[in-house]
Amino acid sequence: MGLVRTVGVRDGGAALPRGFWAAVRVWLEKPQVANRRLCGAAIEAEGTVALGEGGEESPRFAAVRGSEEQGKRVASAGAAELGLLWREVCTQLSPRHGHLPPPLTPWAGPDPRAELRAMLRTLLPRASPAGPPAPPVKELAVQDVYNGTVTFLPLEKNSEGKYEIKKCNIYQIQLVYIKGEEWSVSVVAPFPEDWFSDGIAYPKLAWLGNELLSKVAKWSVEQKPSEFKSTLSLISVAKYSKVYQDLKGKYKEMVKVWPEVTDPEKFVYEDVAIATYLLILWEEERKEKGLTKKQSFVDLGCGNGLLVHILNNEGHSGRGIDVRRRKIWDMYGPGTHLEESTIMPGDAHLFPDTDWLIGNHSDELTPWIPVIAARSSYSCCYFVLPCCFFDFYGKYRRRQSKKTQYREYLDFVAQVGFVCGFNVEEDCLRIPSTKRVSLIGKNRTYPPTEHALINKQIAQYISNRQTCAVVLCDRKVACNHKDHSDVCKEVDSELPENETETAGTIWMPGFQPREKVEQIRNCASLPRDFVDDVVLSVANLLLNAAPQKSCYDMHDGNANTWNQGESLSLKEVAEHLNKEILKRLKSEYGGLQTLLKNNHQVFEVLNGRVHIRDWRKEKPSRKTKPEVKRRLSSEAFKTRLCWFFIHHPDGCSLPSESCPYAHGTEELRQSQKIKKKKHIQ
């Protein structure tokens, strides 16, 4: 039996068969979204191939073209390789049954000269914690649109260096129309008894039938076009995988000695991924332009400076500038160039001798980076990774309701790049962040002789944006939202002739840079007595609310009712608090909600409602939790008094040995975090 599994699909939205081929495309180009043991696939070549009369391969071979995003990277040699490979594959498969072993659907149609579409890809295994990644695996995928099948032919090199089909691992995904809105999707393997699995590039047949088939069926009828480009669409995935693993191994020790309060795993591996992307992007730029010297850079708003540290270590001259020095800067050494300085967009902060400007979560500087790059020199390029939403003059204000706020802001930053004369490219990075779309300005759309004209265009655009920000103004404003133009165009909005000349060294006098001393406004700086009073007031409010909610449980064999109180909305809680308390909380980011969430030992805030936390319902910590988080959890155990033991009328819902907090001062342990910080310093 070659049938692995069949699943039924109901197509109520007329998505099939087109949706099936879109789903197949995902599996072909981004296999890592289904198989987490892969880090991606490199598309080596793609094109149409034809079967001739009697099943013999046709000598005609269509020119190979890559996918829309990868076509530029498919070498011309790929066409020759795919043509030669196709001829070899056809000789290894029997011409009977349309070249394919039964029960696979043969490659045949009413026209014996029917074309198939072939794609040669390399599957790239993810690195294992125990050692290096498994070797990459080549595979030829052949799509037969007429019959609704895609056949996967894994390839191995023989002793002569030629590719041979690994016949035991051939499989086919089939789409079959049944009736009405009913379709079926199946996985078929002709030699299931000989199937080889390494659990990585060659998964088990059961995985193909259960996991992969379910995803393909789901994707086939999902009509959710993505707002964003494919991940790593502008660089080689194979090269990225190798460089990333090398850099990750080189800088992973940073996680253990991270002195900042931020999550070390997120920030270290995110910066390693961004550095990997830039290193490959710059390497390909050197090949395109025939350069030998590595590019220089300036990272504006460099934060912890780790990205600068990595790029400096990898041979790129450059520096990072930030308004505030970080503790970790002292750990990098003299080879990492970091400056504590306030950047005001203007003539004093141009970088004429710099190849690239970087804006990695650069906040208020993000929209200015294309402007600074354009005015620094004709050859200066930029890379921005937008996060927080800022306009030239302050917080970004939404102007469209049909897009998400993130998509609208990305379009705005891209538009700034277009106005500055850049051909702006967009790509998704592979980083642990929800904001992972980067915008790249690498090439100009105008000749150097038009620099003055572009500079005037930039000045007018910035002036118009500032004008639109003023809601109460005497001048009439008209807004044009077409295309990339969220640009507000004033009536008679031509700049005064001397405005660009008299702008001075600062391009926008009202620009507000980040404060040198970061104000902590997350309720953490509020006096402890004030916080304790609010916590006790809210807890008593919930406990005394009618009707009371009691939870029944057994402790040591005895029946026990523990009052969990009632849940109230944040609005209801606020109505019962003193006005002076609310006024003080209003000055903090998040206000009352932030204070309650900060005191997660006592409260749980879900969907805008406040509950007393019942620790008996808390899930035990997973053994698979990252090492750093496990260590921090163990270090915090019994280092704080249990609020419920002291304040709750029924005491703590957990026995002492199960509660992570101390039941009395005799159980208190000294926090280990202080010792760790002293050791680092």
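Residues numbered from 1 in each chain as written. Predicted model: local features only at pLDDT ≥ 70, side-chain atom pairs only at ≥ 80, totals over all residues. Heavy atoms only, no water.

### Considering the packing of aromatic side chains
Applying the stated criterion across every chain, the model contains 25 aromatic pairs. For the ring pair Y277 and F383, a centre distance of 6.2 Å and an interplane angle of 40° mean the geometry is tilted. With Y277 in helix α5 (residues 264-289) and F383 in strand β13 (residues 381-385), this pair connects stretches of sequence that are 106 residues apart. The exposure class of Y277 is buried, given its relative accessible area of 0%. With relative accessibility at 0%, the residue F383 sits in the buried group. Among the aromatic residues, ring-to-ring pairing joins W368, F389, F392, Y396, Y409, F412, Y461, W507 and F511 into one connected group. One Lys or Arg, R121, reaches over the ring of W27 and ends 5.4 Å from the middle of that ring. (Phe/Tyr/Trp six-rings, centres within 6.5 Å; stacked < 30°, edge-to-face > 60°. Helix = DSSP H or I, 4+ residues; strand = E, 2+ residues; numbered from the N terminus. Buried < 20%, exposed > 50% of the residue type's maximum accessible area, 1.4 Å probe, protein only. Lys NZ or Arg CZ within 6 Å of the ring centre and 35° of its normal.)

### A short note on the packing of helix α1 (residues 18-29) against helix α3 (residues 205-221)
Two numbers describe how α1 lies on α3: the axes approach to 8 Å, and their chain directions differ by 130°. Between α1 and α3, the angle falls in the class oblique. Where α1 crosses over α3, the two elements pack in a sense that is right-handed. Of the residues in α3, those touching α1 at G19, F20, A23, V26 and W27 are W207, L212, V216, W219 and S220. (Axes fitted to C-alpha atoms, helices over the stretch in contact; angles between N-to-C directions. Parallel < 35°, antiparallel > 145°, perpendicular 65-115°, else oblique. Left-handed = near helix turned anticlockwise from the far one by under 90°. Contact = heavy atoms within 4.5 Å.)

### Here we look at helix α14 (residues 591-598)
What α14 keeps buried is the set G591, L592, T594, L595 and L596. The secondary structure elements touched by the buried residues of α14 are α11 (528-544), α12 (570-575), α13 (579-586), β21 (603-606) and β22 (609-612).

### Looking at the packing of helix α4 (residues 237-251) against α5
Look at α4 against α5: their axes get within 9 Å of each other, and the N-to-C directions meet at 135°. The orientation of α4 relative to α5 falls into the category oblique. For the pair α4 and α5, the sense of crossing is right-handed. Residues K239, Y240, V243, Y244, L247, K248 and Y251 of α4 form the contact with α5, whose participating residues are V268, Y269, V272, A273, A275, T276, Y277, L279, I280, E283 and K287. Residues of the contact of α4 with α5, tallied by class, amount to 13 nonpolar, one polar and four charged. (Nonpolar A, V, L, I, M, F, W, Y, C, P; charged D, E, K, R; others polar.)

### Describing the pairing of β21
In the case of a regular strand, side chains alternate between the two sheet surfaces. Residues F603 and V605 point to one face of β21 and are all buried, whereas E604 and L606, pointing to the other face, are not buried. Looking at chain direction, β21 and β22 are connected through four bridges and run antiparallel. Bridge assignment links V605 to a residue of β22, and that residue is V610. Once β21 ends, the chain turns through two residues before running back antiparallel as β22, passing N607 with a positive phi of about 50°. (Pairing = 2+ DSSP bridges.)

### Examining the pattern of salt bridges
What the rule picks out here adds up to 29 salt bridges. A salt bridge links K256 to E253; the nearest nitrogen and oxygen atoms lie 3.7 Å apart. Exposure remark for E253: the relative accessible area of 43% places this residue in the partly exposed category. Among the charged side chains, a salt-bridge network with shared partners connects R25, E29, E46 and R117. (Salt bridge = Lys/Arg side-chain N within 4 Å of Asp/Glu carboxyl O.)

### Some thoughts on the side chain of N169
Along the chain, N169 falls in the loop between β6 (163-165) and β7 (171-179). Judged by relative accessible area, which is 2%, N169 ranks as buried. Setting aside residues up to four positions removed in sequence, N169 forms contacts with F152, P154, W195, F196 and Y202.

### Notes on a nonpolar patch on the surface
Nonpolar side chains collect at one region of the surface, where L641, F645, I646 and L668 lie side by side and expose about 330 Å² of accessible area between them. Secondary-structure assignment places I646 in helix α16 (residues 643-647). For I646, a relative accessible area of 48% corresponds to the partly exposed category. (Patch = residues over 30% accessible without salt bridge, like charges linked within 9 Å, V, L, I, M, F, W, Y side chains within 5 Å. Areas by Shrake-Rupley, 256 points an atom, 1.4 Å probe, with all protein chains shown as cover.)

### Brief notes about unusual backbone geometry
For the bond running from L16 to P17, omega is 5°, close enough to zero to count as cis. With respect to the secondary-structure elements, P17 resides in the loop between β1 (3-10) and α1. Cis geometry marks the peptide bond from P102 to P103, where omega comes out at 10°. The topology assignment puts P103 in the loop between α2 (77-92) and β3 (115-125). Of note in this structure, H361 is not a glycine but carries a positive phi near 55°. Within the secondary structure layout, H361 lies in the loop between β12 (356-360) and α8 (368-376).

### A closer look at the state of the cysteines
Linking two cysteines covalently through their sulfur atoms gives a disulfide. Tallying each qualifying case throughout the model produces zero disulfides. The cysteine C380 is free of any disulfide, with C381 supplying the nearest cysteine sulfur at 6.6 Å. On the basis of relative accessible area, C380 is assigned to the buried category, the value being 0%. The thiol of C642 is unpaired, and the distance to the nearest cysteine sulfur, on C652, comes to 3.8 Å. On the basis of relative accessible area, C642 is assigned to the buried category, the value being 1%. (Disulfide = S-S within 2.5 Å.)

These values are about where atoms sit, not about what they do.
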